[in-house]
Amino acid sequence: MPGAIDAALETLKRYWGYETFRPGQDRMVQAILSGRDALGVMPTGAGKSICYQVPALALPGLTLVISPLVSLMGDQVRALKAAGARPSYLNSSLTPAQQNTVLKRASEGWYQIMYVAPERLEDPRFLAFAQATAAPGGLGIPLIAVDEAHCVSQWGQDFRPSYLQISQFIDALPTRPVLAAFTATATERVRADIVAMLGLRDPETTITGFDRANLYFGVEEMGEKAKVRWILDYVREHAEESGIIYCATRKAVDQLSQELSFELMPQGISVGRYHAGMGDADRRESQEAFIDDRVPIMVATNAFGMGIDKPNVRYVIHNNVPESIEAYYQEAGRAGRDGDPASCILLWNGSDFRLRCYFIDRDPEEGVFDSEQRDASRQNRYRLLAQMEGYCQTTGCLREYILRYFGETEPRRGGADSAGERPHGCGNCSNCLTDFEVEDVTAEALAVLRFVRAVRGRFGKAALAEALHGANNERVRQYRLDQLEGYGALKDVPTGKIRDVIDQLVGSGYLEQAQGKFATIGFGPRMREAMDQAAAARCDAVAAGAGDSSSAENAPRIPFTFAIKKRAAKSAAGRTRRVAKAVDLLREEAVAAGTGPGAGVSHEDDAELYDRLRALRTRIASERQWAPYMVLPDKTLRAFCRLRPRDRESLLAVPGIGEKKADDFGDLFLQEIADFEARGAGQ
Ligand code: ADP
Ligand code: ZN
């Protein structure tokens, strides 16, 4: 359908000022426009909303968008209005009178798109409205888009019973609209649930993968005091950028935000805070200040962020360890939705894990009633936490670790895949950017593995290390470790190093550390592999020596090897890649554009102009009560600096500014640019 995609591109250009769809978007849009159901599994920031907003604006009638994030609807509607569309929302934040008005206007065909919460579908009045609209001769409902579609699955984390009503609602309509579902996280099982529970019919499916290439991942181990200094240092250096700092508890939020304020206030940098213990009004004010760029830094618990669409969050720092990789990726993923470089850094130390264990042991786990279920749930939470610990400990690529968690890359098998030799790296995480010294510790590793097998996983790391080293202390005597075979097997190796070997064996899956009060070390999923290979290697050696050909014919011939990595560079700060600042991006983009035909050039004063354009954007935003990002994205302001448009035509050629915005305030930007250039020329 070439005609349909042309119309879609025209819509994209007119309202958003973008020339092309991103990967995956085109397929989704094309399917929907040709009347086919669609399922999009795309990470945050991939641009899911465009997939249904473009068809909504291109098709006649009213598109319904079902979303659980009531707090986001207002922002989405404001952003669409700013782009020149006719959007609306219907939710409990409106008074009954306002709701009446919205429904009345909708019946009159005022709107192209309407956001509703799933609970709304159960309201008989709303059903009657939808039935009338979808009836032959009515305005028509061409499309129903379901956002956060994983909420329909009981296997997912955010199950919403009201999502189960969606398919009934659709069945009750006189004509069936196209149905499109979107989510950022979906395992195989959740994906199947989405199709079945929503009743998607042979949907065109796009799965773009979880990787977010523009995000830098970093992990730093440090004490509590050092964390504060590190954050202060980081924030000072990025005073112009927006960032979120997550803490594990409300108390930690209050404390850290106070400490940061004390240091940063005198420099004119304000610090916000957000947690569930604050009143509604305070929380709303805090959130708005952050979205409107009045407060650049937000210190918050995980209560913050669900309803936030702010695209230009440049960094997310975790001051404490989150409960799982999934939670971490969701929170960290709030950085860099606009696709510009952004950083996600996790600061941690042992007390973070002790705190998490305390939470798990203490939590009565609402909704999980009998003690067996509670136990299973606790076990599961410990397992998730252990994976988080693996993330902190690993010396391999952090991005790979996360993607493997989501089942995206097969962990490579075979003896060569020891911690020391992973040839692939993303080049954009703290481990890939660190020089490690590699040391072969195969013999030590085998001694550890054999000892763990001999003691059948009954001891923790410290006891194992001491016993292997042949220590003679209280603990060794108490547990009679000295009676065991393997006691003192590594008497020439310092206990600290044995502990390192154990850590890295855990990190690469040969061993597993139980979480909780007794952090015993047991077999990991790959234990067998190591032992088989070790055995085969020994058989090979025997066979070679004795000329015996009967053994190990079919055993793998890759000998088990294991190496540990030591950070070569001492300075932790040195290896954390800092967020690229606007000035750096201005330069980089000019260089990149400089290679193309008709490209812009880098101006000496780009950064100065950028600041002025940002200030203008803030003025326009506050006059209209929009967030600055709704006026124009950062990227567009940077392109203004590079391309210096002089008239409406060259203004519209800049990506990210559509016709409505050009009409509304294009002149103000043109004027600002002209004034700035004239001033430069006069000097
Ligand atoms: P998601 O819902 O998947 O998290 P969004 O729909 O919020 O992502 O889009 C993320 C950002 O990417 C937004 O700032 C949006 O304007 C931008 N974007 C989306 N599609 C395009 C495109 N085709 N070209 C340029 N920018 C885009
Ligand atoms: Zn990496």
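Residues numbered from 1 in each chain as written. Chains lettered and ligands numbered in written order. Predicted model: local features only at pLDDT ≥ 70, side-chain atom pairs only at ≥ 80, totals over all residues. Heavy atoms only, no water.

**Student:** I keep staring at unusual backbone geometry and nothing clicks. Help me out?
**Tutor:** In most cases, non-glycine residues show a negative phi, while peptide bonds are predominantly trans. Notably, Asp293 is not glycine yet its phi reads approximately 65 degrees, a positive angle. Secondary-structure assignment places Asp293 in the loop between helix H11 (280-291) and strand E11 (297-300). Given the relative accessible area of 27%, Asp293 is considered partly exposed. Phi angles above zero are rare outside glycine, and Arg456 is one such case at about 50 degrees. (Helix = DSSP H or I, 4+ residues; strand = E, 2+ residues; numbered from the N terminus. Buried < 20%, exposed > 50% of the residue type's maximum accessible area, 1.4 Å probe, protein only.)

**Student:** What should I look at first to understand the environment of Asp193 in this one?
**Tutor:** With respect to the element layout, Asp193 can be found in helix H8 (residues 188-198). Taking the C-alpha atoms as reference points, Asp193 and Trp155, separated by 38 residues in sequence, lie 8.5 Å from one another. Aside from chain neighbours lying at most four places away, what touches Asp193 is Val152, Ser153, Gln154, Trp155 and Leu198. (Contact = heavy atoms within 4.5 Å.)

**Student:** Explain the site of ligand 1 here, please?
**Tutor:** Around ligand 1, the surrounding shell holds 15 residues, and the nearest of these are Gln25, Gly45, Lys48, Ser49 and Arg337. Between ligand 1 and Lys48 there is a distance of 2.8 Å, counted from an oxygen atom to a backbone nitrogen or oxygen. For ligand 1, an oxygen atom lies 2.3 Å from a polar atom in the side chain of Ser49. For ligand 1, whose unbound accessible area comes to 570 Å², protein coverage reaches 83%. The residue inventory of the shell around ligand 1, partitioned by class, reads six nonpolar, six polar and three charged. (Near = heavy atom within 4 Å. Polar contact = N/O pair within 3.5 Å; in protein donor to acceptor, adjacent residues only side chain to side chain. Areas by Shrake-Rupley, 256 points an atom, 1.4 Å probe, with all protein chains shown as cover. Nonpolar A, V, L, I, M, F, W, Y, C, P; charged D, E, K, R; others polar.)

**Student:** Looking at this structure, I do not really get empty space enclosed by the protein. What am I missing?
**Tutor:** What the rule picks out here adds up to three cavities of 30 Å³ or more. Taken as a whole, the largest cavity spans an internal volume of roughly 40 Å³. Along the walls of the largest cavity sit Ile244, Phe290, Phe304, Gly305, Ile308, Lys310, Val313, Arg334 and Arg337, which together make up its complete lining. (1 Å grid on protein atoms, 1.4 Å probe; cavity = no way out; pocket = protein on both sides within 12 Å on 5 of 7 lines; lining within 4 Å. Points joined across faces, edges and corners; volume = space filled by probe spheres on them.)

**Student:** Hey, could you run me through the coordination of the zinc ion (ligand 2) in this one?
**Tutor:** As a benchmark, a tetrahedral metal site with four donors has ideal angles of 109.5 degrees, while an octahedral site with six donors has ideal angles of 90 or 180 degrees. At this site the zinc ion (ligand 2) is bound by Cys397 (SG), Cys426 (SG), Cys429 (SG) and Cys432 (SG), with donor distances of 2.3 to 2.4 Å. Here the zinc ion (ligand 2) binds four donor atoms, and the angle range of 99 to 121 degrees at the metal identifies the geometry as tetrahedral. All donors of the zinc ion (ligand 2) belong to a single chain; written as a sequence motif, their spacing is C-x28-C-x2-C-x2-C. Residue Cys397 is located in the loop between helix H14 (371-393) and helix H15 (398-405), and its partner Cys432 is located in the loop between H15 and strand E14 (436-440); the two are separated by 35 residues in the primary sequence. (Donors = N, O, S within 2.8 Å, 3.2 Å for Na, K, Ca; no water. Tetrahedral: all angles 85-135°; square planar, octahedral: opposite > 155°, others 65-115°.)

**Student:** When you look at helix H4 (residues 70-82) in this model, what are you seeing that I'm missing?
**Tutor:** Since the α-helix turns once every 3.6 residues, residues separated by three or four places project in the same direction. Between the first and last C-alpha of H4 there are 19 Å, a value that for 13 residues agrees with the 18 Å anticipated at 1.5 Å per step. Along H4, the residues that are buried comprise Leu72, Met73, Asp75, Gln76, Val77, Leu80 and Ala82. Taken from the residues just after H4, Gly84 is the one with a positive phi, measuring 100 degrees. (Expected span 1.5 Å × (residues − 1).)

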